[in-house]
Amino acid sequence: MLRTREAGGPPKVLCKNEADTHWKTGGIKGYFTKRHVYVMGCITLLCFSCGYFWNTYKFTCLDTPIKICNTMSSNTQDLDDFHKIKLPSNHNLEDLLQIELPRMIYTKPQILKPSRCDVLMMTPWFAPIVWEGTYNSEILNEQFRQRNVTVGLTVFAIKKYVVFLKTFLETAETYFMVGHRVNYYIFTDRPEEVPKVALKEGRNVVVLQVQNYPRWQEISMRRMEMLSYFSQQRFVNEVSYLVCVDVDMKFNDQVGVEILSDLFGTLHPGFYAAERQSFTYERRPASQAYVPSDEGDFYYMASIFGGTVMEVYKLTKQCHEAIMVDKANGIEAIWQEESHLNKYFLYHKPTKILSPEYMWDDNLGRPEILKKRRFLAVRKNHAAIRNK
C-alpha cells in the first residue's frame, strides 16, 4: 500500500497494482520518479569520476614541476625558459643542503650596543647596508664555502680600457672573494691584449670577444645587453652569483661574500649623504629612465652591482629594453645605463646595499665614517682613454 495526495484533496491510498502502474507511467505524485532516480545516479557517478581524475592529475603535476611552466603566458616565455634551466628534474628533500657551522669563537652581538651608530645599517624594506664592523666574515665565509658557490666577476675592457686589466686582475686575486671559486669574465674587443696573471686554484679567466662602438656612451649602454644575453646563455650554467664592475678600478681591501645577495647595488660616493632632489636621476619624462623629483631612496653607482644570475638577468634585460626604447625615440639618458639602473632599483628594491667603502674615489677625501676603502677608482686621463 502507498499513499499519495491529489492537489487540494485528502491523502489517497493506492494498492500495489495501482502503485506499479504509477511507477511505470510517470511516478507517484510526491515521490521521485524512476527517471529522477536514474539522473541522480548518473550525476553521483560523474562527480566521483571527476574527483578521482582531479586527484590523479594534481599529484602528477606535483611530481613534474617543470611541465607546469608550459602553461604560463607567452609574455613571460623568456623567464620561463630561464627557470627551466635552473629546475632539477627530481625533487628529493633528503638531498637538500644543510648549513651547519663548526664550533667558532667570536664576540657576542649586543642588542643594546649596535656595532655602528654613525651610519644607517638597514633600509626601510629591511635590506642591510654593508659597512665595516657590521658583519662577521668568518661566519659568512664558512656558510658560503658549505654552499660551494662560484662567483662570476664581469668586466668590460673595450678599446684602450684593456690597459687597466693587469692591475684589476692582480688586485682582485689579492682581495676579491679570497678562498672562493671565481670566474673572471672579460668582455673585450682585443682578446690578444688580455694579460696573463697568476691565478689561485679554482679561479679562471674567461675572455668573451665583443664588438666595440665609436662612442664610449654606446659601449657603456651595450653592457646591459651583453650581460643579459650571457646570463641566459652561459653564466646560469657556471656561477651562482654575478658581480658586475668597471675595469678602471682596483681592489684595495677585502671584498668578500658579505656583498652577495639576490640583488645588490652600491651607494654612489658623491651622493650617499645627499637629499633626493640632488640626485642626478634622469628628469625628462620622455625617457624610460625618468624618476620624478619626489621619488628616490638612494643614488646608486653602476660601477659595481650584482646578485644571483637570475636577478642580474632580469635587471639587465629590462634596462637594455628601456635603453633601446629611448634610442628609438632619439633620447639618451643623462648617465646612460646608470640612469636606467637607478630607475630599476627604485621599483625593484635591492636586497642588500653596499656602502661607499665598495666604490670610492680618493679625490673625495676620506670621511670619518669610511673605515675601509675596498674598491678604488684608478686615476686616469679620460680624454686619452675614451673613444680611442
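Check the entry above for the structure.
Residues numbered from 1 in each chain as written. Predicted model: local features only at pLDDT ≥ 70, side-chain atom pairs only at ≥ 80, totals over all residues. Heavy atoms only, no water.

Caption draft 1: Structural view of the overall build of the protein chain. Within the protein chain, the regular secondary structure consists of ten helices and twelve strands. For the protein chain, buried positions account for 41% of its 388 residues. If you take every contact in the protein chain between residues at least 6 apart in sequence, the share linking residues at least 24 apart comes to 72%. Summing over all exposed atoms, the protein chain offers an accessible surface of approximately 22,300 Å²; the carbon and sulfur share of this is 55%. (Helix = DSSP H or I, 4+ residues; strand = E, 2+ residues; numbered from the N terminus. Buried < 20%, exposed > 50% of the residue type's maximum accessible area, 1.4 Å probe, protein only. Contact = heavy atoms within 4.5 Å. Areas by Shrake-Rupley, 256 points an atom, 1.4 Å probe, with all protein chains shown as cover.)

Caption draft 2: A look at the packing of aromatic side chains. All told, the structure shown has 21 aromatic pairs when counted by the stated rule. Aromatic side chains Tyr-229 and Phe-230 sit 5.2 Å apart centroid to centroid with 90° between the ring planes, which places their arrangement in the edge-to-face category. In this structure Phe-230 comes out as buried when scored by relative accessible area, which is 16%. Feature note: the residues Phe-156, Tyr-185, Phe-187, Tyr-229, Phe-230 and Phe-235 constitute an aromatic cluster, connected by ring pairs. Over the ring of Trp-125 we find Lys-349, and its NZ or CZ is 4.9 Å from the ring centre. (Phe/Tyr/Trp six-rings, centres within 6.5 Å; stacked < 30°, edge-to-face > 60°. Lys NZ or Arg CZ within 6 Å of the ring centre and 35° of its normal.)

Caption draft 3: Structural context of the pattern of salt bridges. Counting across every chain of the model gives 18 salt bridges. For the salt bridge of Glu-132 with Arg-374, the shortest nitrogen-to-oxygen distance reads 2.5 Å. Here the residue Glu-132 occupies a position in the loop between strand S3 (129–130) and helix H5 (137–147), and Arg-374 occupies one in the loop between strand S11 (352–354) and strand S12 (375–377), the gap between them amounting to 242 residues. Exposure remark for Glu-132: the relative accessible area of 26% places this residue in the partly exposed category. With a shortest N-O distance of 4.0 Å, Glu-193 and Arg-190 are connected by a salt bridge. For Glu-193, a relative accessible area of 39% corresponds to the partly exposed category. (Salt bridge = Lys/Arg side-chain N within 4 Å of Asp/Glu carboxyl O.)

Caption draft 4: Spotlight on the nonpolar core. Of all hydrophobic cores here, the largest spans 38 residues; its most connected members are Phe-176, Val-243, Ile-259 and Leu-260. If you list the elements that add at least two residues to this core, you get strand S4 (150–157), helix H6 (165–175), strand S5 (181–188), strand S7 (241–245) and strand S8 (249–251). With sequence-adjacent residues up to four places away left out, Val-243 is seen in contact with Val-151, Gly-152, Leu-153, Thr-154, Phe-176, Ile-259, Leu-260, Phe-264, Ile-304 and Phe-305. (Core = buried A, V, L, I, M, F, W, Y, C linked by side-chain atoms within 4.5 Å.)

Caption draft 5: Quick look at unusual backbone geometry. The phi dihedral of Phe-126 falls on the positive side, at around 65°, and the residue is not glycine. Take Phe-126: it is sitting in the loop between helix H4 (77–86) and S3. For Phe-126, a relative accessible area of 71% gives the class exposed. A positive phi angle, near 50°, is found at Gln-336, a position not held by glycine. Mapping Gln-336 onto the fold places it in helix H9 (residues 336–347).

Caption draft 6: Looking closely at the pairing of S5. With respect to burial, S5 is a largely interior element, seven of its eight residues being buried. A crossover links S4 with its parallel partner S5, the connecting element being H6, and its sense is right-handed. As paired elements, S5 and strand S6 (residues 203–209) share seven bridges and run parallel to each other. Within the sheet, the bridge partner assigned to Tyr-184 lies in S6 and is Val-205. (Right-handed = clockwise from strand over helix to strand, strands pointing away. Pairing = 2+ DSSP bridges.)

Caption draft 7: Focus on H9. A large share of H9 lies buried, amounting to ten of its twelve residues. If you check which residues of H9 are buried, you get Gln-336, Glu-337, Glu-338, Ser-339, His-340, Leu-341, Asn-342, Tyr-344, Phe-345 and Leu-346.

Caption draft 8: The sheet that holds strand S10 (residues 304–308), seen in detail. The eight strands are arranged S3-S11-S9-S10-S7-S4-S5-S6 in an open sheet whose pairing can be described as mixed. Of all the strands in the sheet, just S3 and S6 have a single pairing partner and so form its edges. Alignment of S3 against S11, held across two bridges, turns out to be parallel. If you follow Val-130 over to S11, its bridge partner there is Leu-354. The sheet strands contacting helix H8 (residues 309–328) are S7, strand S9 (263–266) and S10, and the helix crosses S10 at an angle near 125°. Together, S9 and S10 form the strand contacts of H9, whose direction differs from that of S9 by roughly 130°. (Axes fitted to C-alpha atoms, helices over the stretch in contact; angles between N-to-C directions.)

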